[in-house]
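Listed below are the residues making up each chain.
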Amino acid sequence: MAKKKTKKKRQDENDVDNFMESVMSFFTSERMRFLCGLVLNIFVVYASIAMISFLFTGGTDQSEIKHMAFGDLFAGRGKVANWAGIWGAFLSDFLINGGFGMPTFFMLFFVGSAGSKLMGLCKLSLLKRFLSCSVVMIWWSLFLAFFFTEYLGDSFLFLGGRHGYNLSDMLIKSIGKPGVVLLLFVSLLIIALSLSKRVMPFLQNIFAFAWIRKIRLFKKKGKHVSAAGSDDDSDDENPADDIAEEVEEDENSGDDEDEYDEENDDDDIYRPSSDENVSFEVVVSADKENSEDHDFDLSELGTYDPRLDISNYRFPPLDLLKKYGSPENQVNMEEQNENKQRIEHTLGTFGISIVSIKATVGPTLTLYEVVPADGVRIAKIRNLEDDIALSLSALGIRIIAPIPGKGTIGIEVPNKDAQIVSMSSVIASHKYIGSKYDLPIALGRTITNEIFMFDLCKMPHLLMAGATGQGKSVGLNVIITSLLYKKHPAELKFVLIDPKMVEFNIYESIERHYLAKLPDEDKAIITDFTKVIHTLNSLCREMDDRYELLTNAHVRNIKDYNEKFINRQLNPEKGHKYMPYIVVIIDEFGDLIMTAGKDIEMPIARIAQKARAVGMHMIIATQRPSTNVLTGTIKANFPARVAFRVSSMVDSRTILDSPGANRLIGRGDLLFSQGSEMTRVQCAFVDTPEVEDIASFIGRQPGYPTAFKLPEYVPDGGEGSSGGADLSDEWDPLFEDAARLIVIQQQGSTSLIQRKFSIGYNRAGRLMDQLEHAGIVGSAEGSKPRQVLVFDEYTLDQKFKTLKR
């Protein structure tokens, strides 16, 4: 009986907690903040109308307001002329005459700013805005009350309000009227210096100008006294001091020079000749020209604007993205209570007692945080994963035992009615709009319904894997869309590699804005395997060239380099240029590895190891997360991983180094791993028509003449083909070694060359064609090895001498 009462009491407490959480989430939601901000702005408009009307109708309404009780406001008794009615007349009289007077408008300005921030219309510091508005309002209240109260006589309007009148009266009695004037002047200077950075240089220039004029007048008077003095005094003068006086007089007007000539008739006084004057003036003018040139570089030219070439570029609007479902996460309390009871029943069946359960509802699944009783082993709950899934009739659940940083065990259960996370809700969020990331990527929403974002520059490379149809291609489009909505074409370039030929072709229209390609290529979307190898090696050259520029500029990363270039501290004539970020996105990486092998893996490893500092980042996606595709070299340089649903635990361990991806529910459900942290995210959904509309909107705008040109790359084997073309002009560097290998082994096999020299199939095939052209091996015979025509190394050396002639 006691157990039932305790259980019922706990259930009541949990119900109260859930109710309070739902109430708090409602009042802290984005919709509630917008509503509060709207109410504040409406109040500001109403109060402003009432206060402006008070300036014209306040005298008429005074008699009515003075005899009006507070209850009359609700009863609507009395007639007033105020435009805002009885409430407006009472409110304006209270704020102006009873408060701070006319400066009360500053406080309305603060309330309007707070409302605008709650609505998401602007970003500002409310504390700073409140302090500045309050100080300015108090100062003006005192100023108006001190200077204008006596002149208004019996007017109904108190310009400084009751506060200003009382404060002014108190200060006059304490420090007198001169003290109040000095206090107003000093406080005005302090307020001006605090609110604006331009006040101090302005005051310094004024004081410096006045001080220089006094010094010049003083020296001029001293010179007149020396001219009237004795010969002994003139003999004791220092010629260097006279020259300094000459320099100051040269800066004065011509009248001062005439006065100097008339009053210095004594021959003992030092008087420079005209030649000396000319030579001295040349020196001074040269110094002035140098200083003017320096000032011109900094102030006249200003900072460099990388967006200037296409300054009229407009970012895509939000209405190009569709909205799916309701913007707020709606909680089905019946479903939550049912799942909670089933979890308690299942755990109780196996003898596991729990203290409490807390539910966190996300867009597609709910996290139940279970606090087990003392003495319960975690492994016992982890082993019941399938039993809990059976009792909940769920697609698949995932148990996190324990949750990092908490003393609870997490049970993730899919919702019956999953919600779609639209890309528009992610892009329009405050977190995305206000992010200061260099390359911001908004991936979706977490289980707590928060926007999940990360900075690609800090990853710095991303590995993405998932089975077919689980949301991998949508995830790539989400990444590209996030960057397109935030970065200008001058700041970002994409290298898109698409072996399937159908995933990235929708981005062809933004070629002149965002894409990069080799100089002689027709299309920026790379689909051919040979061109993929050339492009990756070209990116390695681009990386080396950028590192050379960073070395010459004495900086460590692209951010510091571009900042120096924008501030015109680097000379473009010495090869310096503004460097945009380059993001390389490779789809179907497993297909490339199976086709080209080391020729693909090695340049990717080089870029992944070194290219972070020069602003080059890679995103690799594959549907085959096996060890022969994601080798140790690749995984070691890609610390950030995104795993969609995979078919087996082995694949999950390959991509994440831990199980879990095999327990996902699909349709954009993913795990994001960086180091030891793992976050479950529902990927945002962006449909193909939405991406096409975004690309078309960008493509219709004026862009650069061509796509961003990568450095030209010439392969080691030349440009020879595998036909009957003449290959003797440029032999592969491995030609002689490959020939000796074939002759020693007496086996004309392409795979043998590929294995021994760790090269790709394409290069090994070109080597075999060159050996055939040189007469070392015979022609191809289907799947059989080629016939070796040279039987010993001596004959091979003679063949080499013949080829070199």
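Above this text you will find the structure in question.
Overview of the structure. (Residues numbered from 1 in each chain as written. Predicted model: local features only at pLDDT ≥ 70, side-chain atom pairs only at ≥ 80, totals over all residues. Heavy atoms only, no water.)

Looking now at the pattern of salt bridges. Going through the model one piece at a time under the given rule, you end up with 25 salt bridges. The salt bridge involving Arg740 is made with Glu793; its shortest N-O contact spans 3.3 Å. Taken together, the positions of Arg740 in helix α27 (residues 735–745) and Glu793 in helix α30 (residues 793–804) put the pair 53 residues apart, joining distant regions of the chain. For Arg740, a relative accessible area of 26% corresponds to the partly exposed category. Where Glu772 meets Arg786, a salt bridge forms, and the shortest distance between an N and an O atom there is 2.8 Å. Here Glu772, found in helix α29 (residues 761–773), pairs with Arg786, found in the loop between α29 and α30; they are 14 residues apart in sequence, far enough to count as distant. (Salt bridge = Lys/Arg side-chain N within 4 Å of Asp/Glu carboxyl O. Helix = DSSP H or I, 4+ residues; strand = E, 2+ residues; numbered from the N terminus. Buried < 20%, exposed > 50% of the residue type's maximum accessible area, 1.4 Å probe, protein only.)

Here the focus is the sheet that holds strand β2 (residues 365–372). Read across the open sheet, the four strands follow the order β1-β2-β4-β3; overall the sheet is antiparallel. The open sheet terminates on both sides in strands that have one partner only, identified here as β1 (354–361) and β3 (398–400). Within this sheet the neighbouring strands show an average axis-to-axis angle of 20 degrees, counted without direction. The sheet contact formed by β1 and β2 spans seven bridges and is antiparallel. Note that in β2 the partner of Lys358 across the bridge is Glu369. (Pairing = 2+ DSSP bridges. Axes fitted to C-alpha atoms, helices over the stretch in contact; angles between N-to-C directions.)

Backbone torsion omega between Met459 and Pro460 reads 0 degrees, so that peptide bond is classified as cis. Structurally, Pro460 is set in the loop between β6 (451–455) and β7 (462–465). Positive phi outside glycine occurs at His554, with the angle close to 60 degrees. Mapping His554 onto the fold places it in the loop between α20 (529–553) and α21 (558–566). Although it is not a glycine, Gln746 adopts a positive phi angle of roughly 55 degrees. Inspection of the secondary structure puts Gln746 in the loop between α27 and α28 (750–757). On the basis of relative accessible area, Gln746 is assigned to the partly exposed category, the value being 36%.

Moving on, we get to the sheet that holds strand β14 (residues 677–683). Read across the sheet, nine strands follow the order β6-β5-β14-β13-β12-β7-β11-β10-β8 without closing on themselves; strand pairing throughout is mixed. Two strands in the sheet have a free side with no partner beyond their single neighbour: β6 and β8 (492–497). Each adjacent strand pair in this sheet contributes to an overall mean axis angle of 25 degrees, direction not counted. In the sheet, β7 pairs with strand β12 (residues 640–643) via four bridges, with the strands oriented parallel. Residue pairing across strands places Ala465 opposite Ala643, the latter belonging to β12.

Note that all results are geometric; they support no functional claim without further evidence.
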